[in-house]
Amino acid sequence: MGNTGLVYDPRYLDHDMGAGHPESPNRLRAIIQQLERSGTAARLVRIEPREAEDEWITQIHEPSYLAMLKSHAPVSGRVSLDSDTSMSSGSLTAAYLAAGGALAAVDAIMSKAVEHVFCAVRPPGHHAEAGHAMGFCLFNHVAIAARYVQKRYGLNRVLIVDWDVHHGNGTQHSFEEDPSVLFFSTHQFPHYPGSGRAMERGRGAGEWFTINVPMEAGQGDEEYRAVFQQSLVPAADAFKPEFVLISAGFDAHKEDPLASMGLTEEGYADLTGIVAGIARRHASGRILSSLEGGYHLTALATSVDRHIQSLLAV
Ligand SMILES: [Zn+2]
């Protein structure tokens with residue numbers, strides 16, 4: 001029963017960057033509680049993550065970065081990787097399971113066990129660069145999944161929609177020169193991490209296959225819907241993706257403490273519907289959505305719930 005899967009593992013809670021850090025295990029606790037309380041969880045097919053194999057992680061990340069993470073992973077306490085990113089004793093396993101959760105989700109979709117999957121994972125991924133951790137992210141799960149779709153399953157064209165409020169710099173850099181991956185990002189601008197100007201549109205053979213839509217602080221459901229309909233839909237319909245990935249951050253919500261946009265739960269449901277329409281027209285409905293940011297616990301949990309309900313309604 002059901003056409004939507006959920007990737008979750010309690011070991012995602014073992015990545016702990018310290019009391020007071022906004023990217024906390026409580027984010028996933030809030031999401032899972034909400035999905036159970038609303039009855040959504042009972043409608044989802046559970047998909048067990050595995051630890052991603054290094055051969056897939058190194059499609060995106062440098063082997064020397066992987067070796068550094070392994071040699072620095074602490075047995076206790078914390079090791080700093082970036083000004084706002086650190087590893088606790090459970091972090092590396094969580095990161096491997098988060099990347100592997102995306103791979104297991106792709107497997108489930110490609111075997112037709114489900115049409116869509118939401119990955120409730122930590123740490124998030126879209127800021128992670130080829131050679132370094134950044135902005136709470138260790139491995140770029142969505143980018144790794146895009147390459148896995150292409151190399152393991154032989155699909156050619158992959159669309160990545162990144163509606164996290166922060167620009168997905170790591171994802172953009174992974175595919176900047178690659179016309180087989182269309183990267184579309186909406187983000188508050190100017191804001192962290194500073195990239196994502198409209199003029200950043202890909203390079204070489206990849207020119208025009210990166211679409212950045214910087215948004216002014218305060219814009220909300222109506223403006224996002226217009227951008228998705230007027231900018232994403234025509235580009236995606238021309239590109240004809242065979243697989244659709246969502247870097248699903250929920251920090252553009254009006255309650256989010258780390259940004260200043262005005263999206264609501266209904267806005268996220270509407271954006272989901274627009275992306276699902278693209279997937280239905282071109283990609284046999286295939287959507288993998290992976291959690292990125294979202295730091296107001298209640299707004300995050302209810303937004304994820306509406307996002308998944310919207311996938312279930314497709
Ligand atoms: Zn974010």
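Look up: the structure comes first, before these words.
Residues numbered from 1 in each chain as written. Predicted model: local features only at pLDDT ≥ 70, side-chain atom pairs only at ≥ 80, totals over all residues.

J.: Can you walk me through the pairing of strand 1 (residues 4-7) in this structure?
T.: Two faces belong to every sheet, and in a regular strand the side chains alternate between them. Side chains of strand 1 alternate between two faces, with Thr4 and Leu6 and Gly5 and Val7 buried alike. Across 4 bridges, strand 1 lies against strand 5 (residues 116-119) in parallel orientation. Each bridged residue has a counterpart across the sheet, and for Val7 the counterpart in strand 5 is Cys119. Bridge count between strand 1 and strand 2 (residues 45-47): 3 bridges; the pairing is parallel. By the bridge assignment for strand 2, Gly5 is matched with Val45. Following the chain from strand 1 across helix 1 (residues 26-38) to the adjacent parallel strand 2, one finds a crossover that is right-handed. (Buried ≥ 20, exposed ≤ 12 C-beta atoms within 10 Å, placed from the backbone. Helix = DSSP H or I, 4+ residues; strand = E, 2+ residues; numbered from the N terminus. Pairing = 2+ DSSP bridges. Right-handed = clockwise from strand over helix to strand, strands pointing away.)

J.: In this structure, what is going on with the pairing of strand 10 (residues 287-291)? I would like to understand it.
T.: When you tally the buried positions in strand 10, you get 5 out of 5 residues, the bulk of the element. Of the strand pairs in this sheet, strand 5 and strand 10 are connected by 4 bridges, and their pairing is parallel. Among the inter-strand pairings, Cys119 is bridged to a residue of strand 10, identified as Ser290. In this region the chain leaves strand 9 (residues 243-248), passes through helix 8 (residues 265-282) and returns to the parallel neighbour strand 10; the handedness of that crossover is right-handed.

J.: Looking at this structure, I do not really get the sheet that holds strand 5. What am I missing?
T.: As a general point, the strands of a sheet are linked pairwise by backbone hydrogen bonds and lie either parallel or antiparallel. Sheet architecture is open: 8 strands sit in the order 2-1-5-10-9-6-7-8, paired in parallel fashion. In this open sheet, the two edge strands, each paired with only one partner strand, are strand 2 and strand 8 (210-215). With direction set aside, neighbouring strand axes in the sheet form an average angle of 15°. Together, strand 1, strand 2, strand 5 and strand 10 form the strand contacts of helix 4 (residues 91-110), whose direction differs from that of strand 5 by roughly 170°. (Axes fitted to C-alpha atoms, helices over the stretch in contact; angles between N-to-C directions. Contact = placed C-beta atoms within 7 Å.)

J.: Is there a simple way to think about the packing of helix 7 (residues 221-239) against helix 8 in this case?
T.: When two helices pack together, their arrangement is captured by the angle between the axes and the distance separating the axes. Helix 8 packs onto helix 7 with a crossing angle of 10° between their chain directions and a minimal axis gap of 10 Å. One way to sum up the angle between helix 7 and helix 8 is to call them roughly parallel. Contacts from Asp221, Tyr224, Arg225, Phe228, Gln229, Val233, Ala236 and Asp237 of helix 7 reach helix 8 at Glu266, Gly267, Asp270, Leu271, Ile274, Ile278 and Arg281. Within the contact of helix 7 with helix 8, the residues separate by chemical class into 7 nonpolar, 2 polar and 6 charged. (Parallel < 35°, antiparallel > 145°, perpendicular 65-115°, else oblique. Nonpolar A, V, L, I, M, F, W, Y, C, P; charged D, E, K, R; others polar.)

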